[in-house]
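Commentary on secondary and tertiary structure
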Amino acid sequence: MNLSEFIEGNRDAHLAELCEFLRIPSVSAKSEHKPDIERAARWVADHLRAAGFQKIEIVQTNLHPLVYAESLDAPGKPTVLFYGHYDVQPAEPLDLWTSPAFEPSVRNGNLFGRGTADDKGQVHIHLKALESIQKVHGKLPINVKVLIEGEEEVGSVSLWDYVQKNKEKLKADALVVSDTSMLAKGVPSITYGLRGLNYYQIELTGPARDLHSGVYGGAVPNPLTILTELFAKLHDKNFKVTVPGFYDKVAKISAPERKALNSLPWKKKAFEEAVGAPGYAGEKGFTTVEQLWTRPTFELNGVWGGYQGEGAKTVIPAKAYAKFSTRLVPNQDPHRIAGLVEKHIRKLLPKTVRCKFQVLSTGKAWVAPYHAPIFKIAQGALEKGFGKKAVFIREGGSIPFVTQMHDTFKVPCVLIGFGLPDENAHAPDEHIALENYFGGIRAIAHLYTDLAAL
Ligand code: BES
Ligand code: MN
Ligand code: MN
């Protein structure tokens with residue numbers, strides 16, 4: 001039996017096994033899911049064994065374990081490091097799911113469930129591609145190292161330390177990741193750029209305790225009002241971020257790159273359907289694609305304080321809180337940006353509130369050229385799996401490990417995504433198109449096979 005026949009013949013078994021993986025609610029953000037995280041790490045380790053890996057480790061960290069495996073039985077052949085994550089985002093709000101988040105179900109050619117697209121489904125594509133090669137050919141034609149972490153959705157906190165302490169072990173000729181999206185259905189894509197991310201939280205304190213807004217209102221500044229005034233000042237009418245120095249180092253994209261990105265088969269209509277807002281706005285002077293992939297942003301992610309229950313409560317809250325983030329692009333230094341943001345916010349705030357400012361995580365952008373031979377091989381593999389030529393795209397999301405890996409080893413990073421932008425990653429009804437899951441297994445099996453020729 002050849003590889004393609006084997007993969008075709010095992011469609012049902014592969015899908016059933018993915019569902020088993022998806023049923024483990026490995027939510028990294030919540031401590032109550034710690035046992036599920038452990039279970040998911042073991043699940044990955046067990047299935048790497050089934051895929052033919054003999055050396056497998058579950059590595060404990062300060063937070064969640066990571067799984068490392070290697071198969072180095074192809075002397076003289078290239079070594080590839082495959083990276084992915086087994087942790088998922090929280091599923092809330094649960095009532096907005098058509099079928100329960102951790103009970104995967106198939107509807108209209110899509111598999112629904114938390115982690116289907118981000119990232120368990122995509123990790124499973126690699127596990128099954130590697131296993132298929134192993135079962136059909138008896139061994140892998142190249143050297144493969146695998147690193148699957150459990151903290152990606154909370155900022156990959158433990159990973160940097162692990163990479164620094166295990167440089168020799170993780171060394172490879174290329175990094176391969178499937179944790180991104182295709183440009184659109186039927187358009188296999190290779191991502192050569194991601195934005196970076198800084199995440200912040202502030203706590204404003206006014207009065208020493210909550211106050212009756214009739215007794216005190218009018219003479220006491222309200223921290224929640226001050227918070228909203230603050231955030232209203234952080235963009236100007238052209239949707240530029242007003243933090244002084246924010247754009248100072250931002251890399252300009254070259255004319256050819258600008259042309260290439262704007263000529264991609266990207267459809268404004270599909271974008272608007274996926275978003276579903278009554279209108280659109282973004283930084284003036286840039287196309288939507290440029291705004292999404294090449295420009296830095298300042299985004300308010302959550303605001304709270306005061307009364308949010310049923311009915312009315314007349315109160316001046318003592319405290320007001322916000323979570324917010326900046327997406328970063330090449331040449332912006334995350335630490336410098338964090339400093340500028342804090343300075344500006346402190347300057348804008350009146351003396352009537354105290355401010356506690358926290359930087360929860362920082363991360364650089366990643367953009368790299370794609371002329372190494374592995375990119376041609378990846379393009380060819382995608383063409384074999386999907387029957388279409390792959391395009392090169394940038395994306396707006398962030399994967400801390402990619403930047404860390406690239407900075408540490410300076411190797412080509414090949415990001416082949418099988419998700420779609422409208423598959424509700426991080427939201428209710430997350431799903432993956434079955435054609436992309438199965439096409440992904442075919443393409444990735446070709447990738448690992450064809451790399452032997454490098
Ligand atoms: N898989 C995503 C990143 C992604 C999404 C890249 C879409 C390209 C396209 C990843 O799991 C993620 O959600 N990353 C977080 C950052 C992290 C530090 C919490 C993000 O981008 O918000
Ligand atoms: Mn992901
Ligand atoms: Mn994610």
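Structure: see above.
Quick caveat, the model's predicted, so the values are computed rather than measured. (Residues numbered from 1 in each chain as written. Chains lettered and ligands numbered in written order. Predicted model: local features only at pLDDT ≥ 70, side-chain atom pairs only at ≥ 80, totals over all residues. Heavy atoms only, no water.)

1. Concerning the sheet that holds strand S5 (residues 110-112)
- Sheet architecture is open: three strands sit in the order S4-S5-S18, paired in antiparallel fashion. Single-partner strands in this sheet number two, and they are strand S4 (105-107) and strand S18 (431-433). When the angles between neighbouring strand axes are averaged without regard to direction, this sheet yields 25°.
- Two strands pair when backbone bridges link them, and S4 and S5 are joined in this way by three bridges, in the antiparallel orientation. (Pairing = 2+ DSSP bridges. Helix = DSSP H or I, 4+ residues; strand = E, 2+ residues; numbered from the N terminus. Axes fitted to C-alpha atoms, helices over the stretch in contact; angles between N-to-C directions.)

2. Notes on the coordination of the manganese ion (ligand 2)
- Coordination of the manganese ion (ligand 2) by the protein comes from His85 (NE2), Asp118 (OD), Asp179 (OD) and Asp179 (OD), over a distance range of 2.0 to 2.5 Å.
- Geometry at the manganese ion (ligand 2) is irregular, judged from its six donor atoms and the angles of 56 to 164° they form at the metal.
- Each donor residue of the manganese ion (ligand 2) belongs to the same chain, with the gaps between them written as H-x32-D-x60-D.
- Distance-wise, the manganese ion (ligand 3) is placed 3.6 Å from the manganese ion (ligand 2), both being coordinated by Asp118. You can see Asp118 sitting in the loop between S5 and helix H4 (120-137) and its partner Asp179 sitting in the loop between strand S7 (174-177) and strand S8 (189-194), a full 61 residues away along the chain.
- A residue is classified by how much of its surface remains accessible, and Asp118, at 11% relative accessible area, is buried. (Donors = N, O, S within 2.8 Å, 3.2 Å for Na, K, Ca; no water. Tetrahedral: all angles 85-135°; square planar, octahedral: opposite > 155°, others 65-115°. Buried < 20%, exposed > 50% of the residue type's maximum accessible area, 1.4 Å probe, protein only.)

3. Things to note about the coordination of the manganese ion (ligand 3)
- Around the manganese ion (ligand 3), the protein contributes the donor atoms Asp118 (OD), Glu153 (OE), Glu153 (OE) and His426 (NE2), at 2.1 to 2.5 Å from the metal centre.
- Relative to the metal, the six donor atoms surrounding the manganese ion (ligand 3) lie at angles of 56 to 156°, and the coordination shape comes out irregular.
- When the donors of the manganese ion (ligand 3) are listed by position in the chain, the intervening gaps give D-x34-E-x272-H.

4. Description of the sheet that holds strand S9 (residues 196-205)
- One open sheet holds the four strands; their spatial order is S11-S13-S9-S14, and the pairing between them is antiparallel. One side of each edge strand has no neighbouring strand; the edge strands of this open sheet are strand S11 (297-305) and strand S14 (354-361). Neighbouring strand axes in the sheet, compared pairwise and without regard to direction, differ in orientation by 20° on average.
- Pairing analysis gives ten bridges linking S9 to strand S13 (residues 319-328), with the strands arranged antiparallel. Paired with Tyr199 across the strands is Ser325, a residue of S13.
- Running at roughly 20° to S13, helix H7 (residues 223-232) makes contact with S9, S11 and S13 of the sheet.
- Where helix H11 (residues 334-348) meets the sheet, its contacts fall on S9, S11, S13 and S14, and the angle it forms with S14 comes to roughly 165°. (Contact = heavy atoms within 4.5 Å.)

5. Thoughts on the packing of helix H12 (residues 373-386) against helix H14 (residues 434-450)
- One can describe the packing of H12 onto H14 by two numbers: an axis separation of 8 Å at closest approach and a directional angle of 140°. Judged by the inter-axis angle, H12 sits oblique to H14. For the element pair H12 and H14, the recorded crossing hand is right-handed. Contacts between H12 and H14 involve Ile377, Ala378, Ala381, Leu382, Lys384, Gly385 and Phe386 from the first element and Glu435, Asn436, Gly439, Gly440, Arg442, Ala443, His446, Leu447 and Asp450 from the second.
- Within the contact of H12 with H14, the residues separate by chemical class into seven nonpolar, five polar and four charged. (Parallel < 35°, antiparallel > 145°, perpendicular 65-115°, else oblique. Left-handed = near helix turned anticlockwise from the far one by under 90°. Nonpolar A, V, L, I, M, F, W, Y, C, P; charged D, E, K, R; others polar.)

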